[in-house]
Amino acid sequence: MTLQSKQWILSNTTGFDNLNIQVASIPPLGEYDVLVKMKAISVNHRDAVLAVGAYPLPVVKGIVAGSDGAGEVIEVGSRVVEFKKGDRVATTFYQDHTSGPLNPRAVTTSLGAFKDGSFREFAVIPQSGLAHTPKSLNWREASTLGTAALTAWNALYGDRKLIAGDTVLVQGTGAVSLFALQFAKAAGATVIATTSLDEKFALLKGLGADHIINYKKNQNWGQTAKDISVNGEGVDILLDIGGGNTLLQSFSSIKLGGVITVIGNLDGLNPIEWPSVLQALMHMCSIRAIAVGNRAQFYDMVKAIDANGIKPILDKHVFKFESMAEAYQYLWDQKHCGKIVIDIE
């Protein structure tokens, strides 16, 4: 009897009502494929952006949505050597980005945009698109690592590698920033965090933030961050999630020789509102843009999570698999605090 799987299809990109649940037959395994029974999945900002048609890259319509999830290996293809039945695995954002810089081929293997994603009960995935989960995390926690956590890890270790004693600046309380805060503190860094809400101070302080700035109350928060850094020299590594005017403040806070990693564009894509690239020359710093990370970095991150007992921050509201559109709306309305998780069973 052919195994059936419920899955969420994004049929179009005009809104969350384009999410449709379907039942599909699971295809036969190829030689290098792995059959995974998904246990938990998590929703990212990217998923919602894809659904409303605001994603800046091409999208294949009618494929399974989602990029992040964790599950148990049920069966493996004849040439699979990395996994066996019963293994606990997580999906990787790119299905073919083993190591090194991002390349055009890898871009076309991203889950939920070019390849069938993780929002399904059973998934046939190539072994190159999976990784063993941290031993210290449960299914829900492990389901959150593929996008936000790996992006944070890449920002800290993908170029100039974070070392103990560095000063790191994270912006806001989104998933990438919270993961970066946890990773940086585990490495012995000083962390400056920004937020627009005083009520988020307790969360950031609880995760180890050394200094917190309300950027709504302090319009020149970039200079403030530089002033409170070691010897007032500026921050060594900065994760910029806004672009635009936010990036201008990021330049004000960065140290000579520091690295700004741009991972978002919440301030919009209007080029007139973005600082000139000459700002990097004026501040003698490096600026890089990233889109998640590779599989080798994922395994480095897994080691750090297990070694340091790092636990992802999860939102208190856990959704059921049948409530996918509600989970998207919950994220879009910014009602969450931490990663939004959906139980498969």
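Quick caveat, the model's predicted, so the values are computed rather than measured.

Parameters at a glance
Residues numbered from 1 in each chain as written. Predicted model: local features only at pLDDT ≥ 70, side-chain atom pairs only at ≥ 80, totals over all residues. Heavy atoms only, no water. Helix = DSSP H or I, 4+ residues; strand = E, 2+ residues; numbered from the N terminus. Rg over C-alpha atoms; globule rule 2.2 N^0.38 Å. Buried < 20%, exposed > 50% of the residue type's maximum accessible area, 1.4 Å probe, protein only. Contact = heavy atoms within 4.5 Å. Areas by Shrake-Rupley, 256 points an atom, 1.4 Å probe, with all protein chains shown as cover. Lys, Arg positive; Asp, Glu negative; His and termini not counted. Charge placed at Lys NZ, Arg CZ, Asp CG, Glu CD. Pairing = 2+ DSSP bridges. Axes fitted to C-alpha atoms, helices over the stretch in contact; angles between N-to-C directions. Arc of directions from axis to C-beta. Parallel < 35°, antiparallel > 145°, perpendicular 65-115°, else oblique. Nonpolar A, V, L, I, M, F, W, Y, C, P; charged D, E, K, R; others polar. Core = buried A, V, L, I, M, F, W, Y, C linked by side-chain atoms within 4.5 Å. Expected span 1.5 Å × (residues − 1). Polar contact = N/O pair within 3.5 Å; in protein donor to acceptor, adjacent residues only side chain to side chain.

**A word on the overall build of the protein**
At step 1: A count of helices and strands for the protein gives 11 helices and 16 strands.
At step 2: A globule of 345 residues ought to have a C-alpha radius of gyration of about 20 Å, and the protein, at 20 Å, matches this closely.
At step 3: Principal-axis analysis of the C-alpha atoms gives the protein an extent of 70 × 40 × 40 Å.
At step 4: The proportion of buried residues among the 345 residues of the protein is 52%.
At step 5: Taking the intrachain contacts of the protein between residues at least 6 apart in sequence as the baseline, contacts between residues at least 24 apart amount to 70%.
At step 6: Accessible surface, the protein as shown: approximately 15000 Å² in total, 54% of it carbon and sulfur.
At step 7: Charged side chains of the protein number 31 positive and 32 negative; the gap between the two group centres comes to 2 Å.

**Considerations on the sheet that holds strand β14 (residues 286-289)**
At step 1: Reading across the sheet, the 6 strands line up as β11-β10-β9-β12-β13-β14 and stay open at both edges, with parallel pairing between neighbours. For this open sheet the edge positions go to β11 (211-214) and β14, each flanked by a neighbour on one side alone. The sheet shows a mean angle of 15° between the axes of neighbouring strands, direction not considered.
At step 2: Where strand β9 (residues 167-171) and strand β10 (residues 190-195) come together, 5 bridges link them in parallel fashion. Note that in β10 the partner of Val170 across the bridge is Ala193.
At step 3: With respect to the sheet, helix α4 (residues 145-157) is in contact with β9, β12 (235-240), β13 (254-262) and β14, its orientation differing from that of β12 by roughly 150°.
At step 4: Its contacts with the sheet place helix α8 (residues 244-253) against β9, β12, β13 and β14, and it is angled at close to 150° to β13.

**Notes on helix α7 (residues 221-228)**
At step 1: Of all the positions in α7, only Trp221, Gly222 and Ala225 are classed as buried. Along the long axis of α7, the arc covered by the buried residues comes to 105°, so they all point the same way.
At step 2: Buried residues belonging to α7 abut β9, β10, β11 and α8.

**Some words on the packing of α4 against helix α10 (residues 295-308)**
At step 1: Remark: α4 packs on α10, axes separated minimally by 10 Å, with the N-to-C direction vectors making an angle of 90°. Here α4 lies roughly perpendicular to α10, going by the angle between them. Contacts from Leu145, Gly146, Ala149, Leu150, Trp153 and Asn154 of α4 reach α10 at Gln297, Phe298, Asp300, Met301, Ala304 and Ile305.
At step 2: The residue makeup of the contact of α4 with α10, split by class, is 8 nonpolar, 3 polar and 1 charged.

**Looking at the nonpolar core**
At step 1: Judged by nonpolar contacts, the single largest core of 43 residues is most densely connected at Leu156, Val168, Phe183 and Met301.
At step 2: Broken down by secondary-structure element, the contributors of at least two residues to this core are α4, β9, α5 (175-186), β10, β12 and α10.
At step 3: Tallying contributions element by element places α4 first for this core, with 9 residues.
At step 4: Setting aside residues no more than four positions away along its own chain, Leu156 makes contact with Lys161, Leu162, Val168, Ala180, Phe183, Ala184, Ile237 and Leu239.

**So, α4**
At step 1: With 13 residues, α4 ought to run about 18 Å at 1.5 Å a step, yet its terminal C-alpha atoms sit only 16 Å apart, falling short of that.
At step 2: By the criterion of burial, α4 is predominantly enclosed, with 13 of the 13 residues buried.

**Points about the side chain of Asn44**
At step 1: Within the secondary structure, Asn44 is located in the loop between β3 (33-43) and α1 (45-51).
At step 2: Looking at Asn44, its side chain comes within polar contact range of the side chain of Asp68, at 3.0 Å.
At step 3: Here the side chain of Asn44 touches Lys339 through a polar contact of 2.5 Å, side chain to side chain.
At step 4: Excluding residues within four positions of it along the chain, Asn44 makes contact with Ser67, Asp68, Thr147, Ala148, Leu331 and Lys339.

**Observations regarding the side chain of Asp87**
At step 1: Position of Asp87 relative to the elements: it lies in the loop between β5 (68-76) and β6 (88-91).
At step 2: Among the polar contacts made by the side chain of Asp87, one reaches the main-chain amide nitrogen of Lys84 at a distance of 2.9 Å.
At step 3: Look past the residues within four positions of Asp87 in its chain and what remains in contact with it is Gly71, Glu72, Val73, Glu82 and His132.

**Observations regarding unusual backbone geometry**
At step 1: One non-glycine residue, Asn231, lies in positive phi territory at about 60°.
At step 2: You can see Asn231 is positioned in the loop between α7 and β12.
At step 3: Residue classification places Asn231 among the exposed positions, given a relative accessible area of 66%.
At step 4: If you check the backbone angles, Gln334 has positive phi at about 55° while not being a glycine.
At step 5: Mapped onto the fold, Gln334 is located in the loop between α11 (324-332) and β16 (340-343).
At step 6: We classify Gln334 as exposed; its relative accessible area is 65%.

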